[in-house]
Amino acid sequence: MARILLAHREVMALVPAALYSISVIHGYLWISHDGEDILLQQGDCWAVPAASRERIVIEALRGNVQCLLIGSQAAWQQAAGTITSACHPSGSLASGNG
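Because the structure is a prediction, the values reported are computed rather than measured.

Asks: Help me get a handle on the pairing of strand 6 (residues 56-70), residues and values and all.
Replies: Bridge analysis of strand 1 (residues 2-6) against strand 6 gives five bridges, and the strand direction is antiparallel. Among the inter-strand pairings, Leu6 is bridged to a residue of strand 6, identified as Val65. One ladder, built from four bridges, connects strand 2 (residues 11-14) with strand 6; its direction is antiparallel. Bridge pairing in strand 6 links Met12 to Ile58. Pairing analysis gives ten bridges linking strand 3 (residues 21-33) to strand 6, with the strands arranged antiparallel. Paired with Leu29 across the bridge in strand 6 is Ala60.

Pasting the structure below:
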């Protein structure tokens, strides 16, 4: 588990194998994954698809964002140093380039 803070418009790429879910503690978060745009706000959570191999890109919208990344300890250790579970999908989904 990792708690991160993104400044307004800051972008981060994540390794999907390291993640089970992304929860927004504060702010508005944009997620791009496998051709979909996912918008989350405070209190929303997005479950990473189990078979996902596509990189996950997140960006802070409308100010700073604090979020919680939940994943396996082994996967976190493998992904350490790269900027790259019980949660149901929520938020606004829109296919395309958004």
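After presenting the structure, the write-up continues.
Asks: Hey, could you go over the environment of Ser32 for me, with residue numbers and the actual values?
Replies: Mapped onto the secondary structure, Ser32 falls in strand 3. Once the C-alpha coordinates of Ser32 and Val57 are considered, the two residues, 25 residues apart in sequence, prove to be 5.1 Å apart. Ignoring sequence-local partners within four residues, the contact set of Ser32 consists of Asp37, Arg55, Ile56 and Val57.

Parameters at a glance
- Per chain, the residues get numbers from 1 upward, laid out in the order the sequence is written.
- For a predicted model such as this one, the threshold for reporting local features is a pLDDT of at least 70, and the threshold for listing and counting side-chain atom pairs is 80 or more; totals across whole chains, interfaces and linings nevertheless cover every residue.
- Note: side-chain values were computed over all heavy atoms of the structure, leaving out hydrogens and water.
- Strands were regarded as paired on the criterion that DSSP finds at least two bridges between them.
- Segments assigned H or I by DSSP are reported as helices when at least four residues long, segments assigned E as strands when at least two residues long, and all are numbered from the N terminus.
- We call two residues in contact whenever any of their non-hydrogen atoms come within 4.5 Å of each other.

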